[in-house]
Every structure is written in structure tokens, then in C-alpha cells.
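Descriptive structure summary
Here is what each chain is made of, one letter per residue.
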Amino acid sequence: MKVLVIGGGAREHALCRSFSLDPDVTAVHCAPGNAGIGEVAELHPVDALDGEAVARLAIELEAALVVVGPEAPLVAGVADAVRAAGVPCFGPSGEAARLEGSKAFAKDVMAAAGVPTARSYVCTTPEEIDEALDAFGAPYVVKDDGLAAGKGVVVTDDLAAAREHALACGRVVIEEFLDGPEVSLFAITDGVTVLPLTPAQDFKRALDGDAGPNTGGMGAYSPLPWADPKLVDEVMATVLQPTVDELRRRGTPFAGLLYAGLAITSRGVRVIEFNARFGDPETQVVLARLRTPLAGVLLHAANGTLDDQPPLLWREDAAVTVVVASHNYPDTPRTGDPIEGLAEVAELDAPHAYVLHAGTRRDGDAVVSAGGRVLSVTATGRDLRQARERAYEAVGRIRLDGSQHRTDIARTVAEAAEAAGTAAEAAETTAEAVQA
């Protein structure tokens, strides 16, 4: 089949890379794409927010499947336009994508479905904002109600900073702080059947040690050796299936990728947020571990036949991705800087490590930065320690003036897993010696 991917970030590069390796896919197209995606897909200069233009392109290409990557086109109804043109599309309707497009709408759906989440207030006036901040106290969690490219959330102990962000948002959701580690869990759904993927964890803060401002994500890893083996089943039963059922009950079935951002709190699993698409950078590590060819799974979801999909197969390998960001990210990033070292990674680190492009473009023969998050350097290994070593070795070959990246992606969990493995080995050796 021919597949058309809409978007131009590292998530879309990861999708296009997976499709390019899929034996059932004869051609991969992407609109608008970026410099790296152009190496695995044919690029088309189409506005990703123009549903009619996307639909025309899909028909012209005779695409068997369109996959809409980013949230903004989904909320704008691009998937609706493609389906109206008779082309199968993986991505929820504009109405269902409100699950990400409006945090207040998501809270309403969760309340109706009985999904566990943080207590919250929706505020539109300074008086309501002050009352909500006072009710919950620090740490303050303030979320822009609309889309904000992953940077609309402020978590702070500073009341003045929380109030300033809330006032700048217009309509805002203020909620209680959720303790505990965060987990990202994706699920593919056709509006009835729900198929969970493997969990991942991302790193949202800009700096090492989870310091600095929130970003769209600075890295991720999978699997999660510390997570309860029953976590996915629990989230399926209490979060994913009830949400899909509630949206179908409302007459706005959600067919596409349902992303649950979760907090594993002292009181149990709680939903932090929903997204209506593959997350970035978690997609990079999840797809690196998926053995099942992707296109057929997404086509089943688009056609309403996901119940026919056999169980997914996963690699035992671990995966780590490290985001290389431009100077001054997440504030106004500097762009137009040449990126060097890409060929060295391809030559020296493949196939275990590779570079997925996010904010890049071609300038003649050169590849230059064109956004805040520029590259996602992704690697696999027999465990997290090896995967992160390979990822950072590849990062070290990248040269981009003023660039920044976190040096601690997956470090703590890799060290803990290694220590646990060493302890288990020692215990096994001791047991064998005692038996002898």
C-alpha cells in the first residue's frame, strides 16, 4: 500500500521510518516533512492544516492510508476531510480530538467515564484563578485549556508565576498536584476495540535533574523495568476503554491514537492529560521496539476492523532517545545553524543508533536547524544501559552551534536496573554455591 504521513517532526520521521521498513508498504509520502524524512519518503509542500488540500493529495497519490501526526491538524478536522474524500485515515475527528484540544472537555469526559484524574477547576476570570490557586496550594499546576505544543503547562511553587501563566491563558485549568513518576501509554483504537502499546517515560524539563522550564520533551526510554507488570491491564480497564466507550456514547467515537499521560501516585494511577496522537519523543522509542509491521495495524484502526488484528509483537531490546535542541529552546530558538555529523552517525552507529529529524530543513547541500527541538537521536540495546550508551555516543558526533541536550535521560533507571541485575546474579551464584 501507499501511505501518506502528515506532519514534519521527529514523530513523523519515526512513523515514516517504520513504514519504509514495512514489507506491505510500497511507497511512503509525507507532507510537508523535513530534511531527514526526505531520505525515507517523498515530500510534498502541502499545508498540514488544510484538510481539503491534504485530501486532494491523498487522492492524487492513490494513498491507501493517511496518518495525521500532529495535534493541530487533528483538532482542525483534517482527518474528517480525508475520510470524507473516501480515503482511510488514522486519526480522530476534529470533535473527538477535543480530548486534547480542550483540557476542560477532557476533564468532563473523564468525570462521565469514571476515569481517575486530578481534582480541578476551569477558570476564566482573575477571581476564579485566585480561588483555585488558594484551594489547591503549592505546587501549583496551571494548564492552558487549548493546544500549546507541549508547553502550556506550568508546575511551580511560585504563586506569582502560577498566577501570571494563568492570566495569560485566558481559559485555564488549575488542578491538584499529582505525586509519583509519570508514564506515557499509547493505545490504538477504532472507536470500539482498544489495543495498548508498550509504556514509555519521557523527560519534559529542559535541564538535567528535571530542572528548568517545561518543554515538548527532551528524551524518552522504554521499557520501564520499575513499573508494575499489571500496569497496562489496569490502565486499559480504568482509563482507556472507559474513555473510548464514553466518547462513542456521546456520538463522537474516537478512532486513532489515544495517548494517556499518567501519574503513578500514592493513591493509584491518575490521568494527567490525554493527547489525540502519537507523543513526541515517546513514539521514537515505542516504534523502535515494535516488531509488528505498523501500516496494517493502523489501517485496521482506520477501517474499524481492529478486532481482527493479531496481538502485537515486541522486541526484547530497550530503546532510548535523546533530543538535541537549538540554542535558547524552549524560549525563542535560534534557527538556520548548520548540522554536522549526521553522516558519521549513519556510518558508524547504524543500525543500533540513528537520527530522527524534527526541526530541520535543507539549505542547498547542507542540513540546518529549523525549530526548537532539532533532532531525536535514538538507539536500541540489550538493556537500557547499552541503549543509552549508544544514544549518547551518537549524540557526541552531532555538531550544532549552541545546541543543548540533557545528559541524564534514562540514567537513574538504567543504573537501578543494572544494580538489581547484579544483585540477582550474586544471589543466584550464592544459591548455587550453597547447593553445591
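A brief report on the enclosed structure follows. (Residues numbered from 1 in each chain as written. Predicted model: local features only at pLDDT ≥ 70, side-chain atom pairs only at ≥ 80, totals over all residues. Heavy atoms only, no water.)

Details of the sheet that holds strand β8 (residues 153–156)
What counts here: Any two strands between which DSSP finds at least two bridges are classified as paired. By definition, any uninterrupted DSSP run of H or I lasting at least four residues is a helix, any uninterrupted run of E lasting at least two residues is a strand, and each is numbered from the N terminus. Note on method: axes are straight lines fitted to C-alpha atoms, helices fitted across the in-contact stretch only, with angles between N-to-C directions ranging 0 to 180 degrees.
Strand order in the open sheet made by the 4 strands is β6-β9-β7-β8, with antiparallel pairing throughout. Unpaired on one side and paired on the other, β6 (120–123) and β8 mark the two borders of the sheet. In this sheet, neighbouring strand axes are inclined to one another by 20 degrees on average, regardless of whether the strands run parallel or antiparallel. Where β6 meets strand β9 (residues 172–175), 4 bridges bridge the pair, whose relative direction is antiparallel. The residue bridging S120 from the neighbouring strand is E175, located in β9.

Thoughts on the nonpolar core
To be explicit about the condition: Throughout, nonpolar core names a set of buried Ala, Val, Leu, Ile, Met, Phe, Trp, Tyr and Cys residues whose side chains join them through atoms within 4.5 Å. Categorising residues by exposure relies on relative accessible area from a 1.4 Å probe, with only protein chains included: less than 20% of the type maximum marks a residue as buried, more than 50% marks it as exposed, and the intermediate range marks it as partly exposed. What makes two residues a contact is simply this: any of their non-hydrogen atoms within 4.5 Å.
By size, the foremost hydrophobic cluster in this structure holds 78 residues, and its most contacted members are V66, L99, L240 and V320. Counting residues per element, this core draws most heavily on helix α9 (residues 231–249), at 8 residues. With residues up to four places along the chain from it excluded, the contact list for V66 reads L4, I6, A58, V82, V87, P88, C89 and F90.

Considering the packing of helix α7 (residues 126–136) against helix α8 (residues 159–169)
To be explicit about the condition: Should the near helix be turned anticlockwise from the far one by less than a right angle, the crossing is left-handed, and should it be turned clockwise, the crossing is right-handed. Gly is put with the polar residues, along with every residue not named as nonpolar or charged; the nonpolar set is Ala, Val, Leu, Ile, Met, Phe, Trp, Tyr, Cys and Pro, and the charged set is Asp, Glu, Lys and Arg.
Two elements in contact, α7 and α8, have axes separated by 10 Å at closest approach and are oriented at 140 degrees. Crossing of α7 over α8 shows right-handed handedness. Between α7, through P126, I129, D130 and L133, and α8, the contact on the second element is made entirely by L159, A162, R163, A166 and L167. Along the lines of polarity and charge, the residues of the contact of α7 with α8 split into 7 nonpolar, no polar and 2 charged.

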